[in-house]
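# Remarks on the overall topology
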Amino acid sequence: MSTAIRPRPGILEIELYQGGKASIAGREDVVKLSSNENPFGPGDLARAAYARAGHDLHRYPGGDHAELRAAIAGRFGLQAQRIICGAGSDEIISFLCQAYAGPGDEVLYSQHGFLMYRISALVAGATPVVAPEQDRTTDIEAILAACTKRTKLVFIANPNNPTGTMVPLSELERLADGLPNQALLVLDGAYAEYVDGYDGGAAMVDARQNVVMTRTFSKLFGLGGLRVGWGYGPQHVIDVLNRVRGPFNLSTTQQEVALAALGDDAHLSRSLSENARMRSWLTEKLNALGVATDVSHANFVLARFANAPQAEACNAALLADGLIVRQVASYGLPEALRITVGDEAACRRVLHVITGFIEAQR
Ligand SMILES: *Cc1c(COP(=O)(O)O)cnc(C)c1O
């Protein structure tokens, strides 16, 4: 064994990211509600584009993603030259950390923030710093108080995962105004499409030099397995990230399928309206059982139980019935379960099991 061969400091502090479980041994009728995926899958246009893309697999992909960026810009009213595409928004988060944070620098995020912020910060050799939240909601004051002269990046998911809560744009503006000069604010908009009238922070990006927005095709667009996300920022930031980005980071298939998904209005509007309908239904029914939730602005509900053992027991009851939800102890919420809003049948199954569980406890 060689003890001389060692990774850079910080790498061994990374706990491996555990994705949502996808199967239960010996069961066929499993419903996966652990990764906030669109229960309707990809739309018809994306499926057709995927089938077509197979014919050109011998060709290298276009390296500038021009067509996809133009379509994103068109759909969301943005400037195409200030968009960068990546293998999921995870890759954009990683580019940001690699480009802006290194040894001695701090990467700041909130208490129940997305685990990839910590992982990407450690990969870059930077120091992750956590600011407390107030009642599972981002606390702008606490984030500002945690800033130092070493803070390089501040990540805020809005709405946040796994809490589903969000803060108003006025609060984000206050944060951007109050940050130290060397810090870049990253607004992670993985769930922005689920919020009616919310631009994910795009207008803030346009108005400032210190704000970047990240978005994804993994949630509403139903393409988590494809791995496509994007970022929107001031030109100086996008120019930097493009130097870090590998020229062929997105395959032709990724680009073409994402492009098709972007224009599938029928699929998107059905996905949105069903999510809103079943999210209210599930929230109401859980609350009536005495299971507390915050108001969710995304495609999942965080169900809070009396304590961690009760959450664990409920999780076991759901698993026994073929329902996989997400335990969120690694996000500092051991008393809660994050349940993706599935289709109506899935939501009814979830409620049926939780009802039985709660009644048996009485
Ligand atoms: C799901 C999610 C993402 C998206 O990750 P991808 O790499 O685009 O699949 C980003 N941020 C948060 C907070 C998420 O929940």
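Here the structure is a predicted model, which means the values were calculated and not measured.

## Brief notes about the sheet that holds strand β9 (residues 292–293)
With respect to topology, four strands assemble into an open sheet ordered β9-β10-β13-β12, the strand pairing being antiparallel. Each edge of the sheet is formed by a strand with only one pairing partner; in this case those strands are β9 and β12 (326–328). Here five bridges tie strand β10 (residues 300–304) to strand β13 (residues 333–340), and the two strands are oriented antiparallel to one another. Opposite Leu302, over in β13, you have Arg338 as the bridge partner. Running at roughly 30° to β13, helix α11 (residues 308–320) makes contact with β12 and β13 of the sheet.

## Some points on the site of the ligand
Surveying the vicinity of the ligand reveals 13 residues, the closest of which are Ser89, Asp188, Thr216, Ser218 and Lys219. Note that a nitrogen atom of the ligand is positioned 2.6 Å from one of the side-chain N or O atoms of Asp188. A distance of 2.7 Å separates an oxygen atom of the ligand from a polar side-chain atom of Arg227. When isolated, the ligand has an accessible area of 390 Å², and the protein chains bury 94% of it. Per-element accounting of the shell around the ligand gives the leading share, three residues, to helix α3 (residues 88–100). Its residues assigned to classes, the shell around the ligand shows four nonpolar, five polar and four charged.

## With respect to the state of the cysteines
In total, this model carries zero disulfides according to the counting rule given. Not part of a disulfide, Cys347 finds its nearest cysteine sulfur in Cys314, a span of 14 Å. On the accessibility criterion, Cys347 (2% relative accessible area) is buried.

## Here we look at the sheet that holds strand β8 (residues 229–232)
The strand order across the open sheet formed by seven strands is β2-β8-β7-β6-β5-β3-β4, and the pairing between neighbours is mixed. Only two strands of the sheet have a single neighbouring strand rather than two, namely β2 (83–86) and β4 (127–131). If you compare each strand with its neighbour and ignore which way they point, the axes differ by 25° on average. Sitting on the sheet, helix α2 (residues 66–76) is in contact with β2, β7 (211–216) and β8, with an inclination near 120° to β2. Those strands touched by helix α6 (residues 169–178) are β5 (151–157), β6 (184–188) and β7, and its axis lies near 155° from that of β6.

## Quick word on the packing of aromatic side chains
Per the counting criterion, the structure on display carries eight aromatic pairs. Summarising the aromatic geometry, the rings of Tyr17 and Phe114 are spaced 6.4 Å apart at their centres and angled 75° between planes, so their arrangement reads as edge-to-face. Of this pair, Tyr17 sits in the segment before β1 (31–32) while Phe114 sits in the loop between β3 (106–110) and α4 (115–123), and the two are 97 residues apart along the sequence. The exposure class of Tyr17 is partly exposed, given its relative accessible area of 36%. Overall, Phe114 belongs to the buried group, its relative accessible area being 13%.

## So, the side chain of Lys219
Among the secondary structure elements, Lys219 is positioned in the loop between β7 and β8. Here Lys219 occupies a buried position and makes no salt bridge, while the nearest side chain of opposite charge, Asp188, is found at 7.1 Å. At 3.2 Å, the side chain of Lys219 and the side chain of Tyr191 are in polar contact. Dropping the residues within four chain positions of it, Lys219 is found in contact with Ser35, Asn36, Asn38, Ala190, Tyr191 and Tyr194.

About the thresholds
Residues numbered from 1 in each chain as written. Predicted model: local features only at pLDDT ≥ 70, side-chain atom pairs only at ≥ 80, totals over all residues. Heavy atoms only, no water. Pairing = 2+ DSSP bridges. Helix = DSSP H or I, 4+ residues; strand = E, 2+ residues; numbered from the N terminus. Contact = heavy atoms within 4.5 Å. Axes fitted to C-alpha atoms, helices over the stretch in contact; angles between N-to-C directions. Near = heavy atom within 4 Å. Polar contact = N/O pair within 3.5 Å; in protein donor to acceptor, adjacent residues only side chain to side chain. Areas by Shrake-Rupley, 256 points an atom, 1.4 Å probe, with all protein chains shown as cover. Nonpolar A, V, L, I, M, F, W, Y, C, P; charged D, E, K, R; others polar. Disulfide = S-S within 2.5 Å. Buried < 20%, exposed > 50% of the residue type's maximum accessible area, 1.4 Å probe, protein only. Phe/Tyr/Trp six-rings, centres within 6.5 Å; stacked < 30°, edge-to-face > 60°. Lys, Arg positive; Asp, Glu negative; His and termini not counted. Salt bridge = Lys/Arg side-chain N within 4 Å of Asp/Glu carboxyl O.

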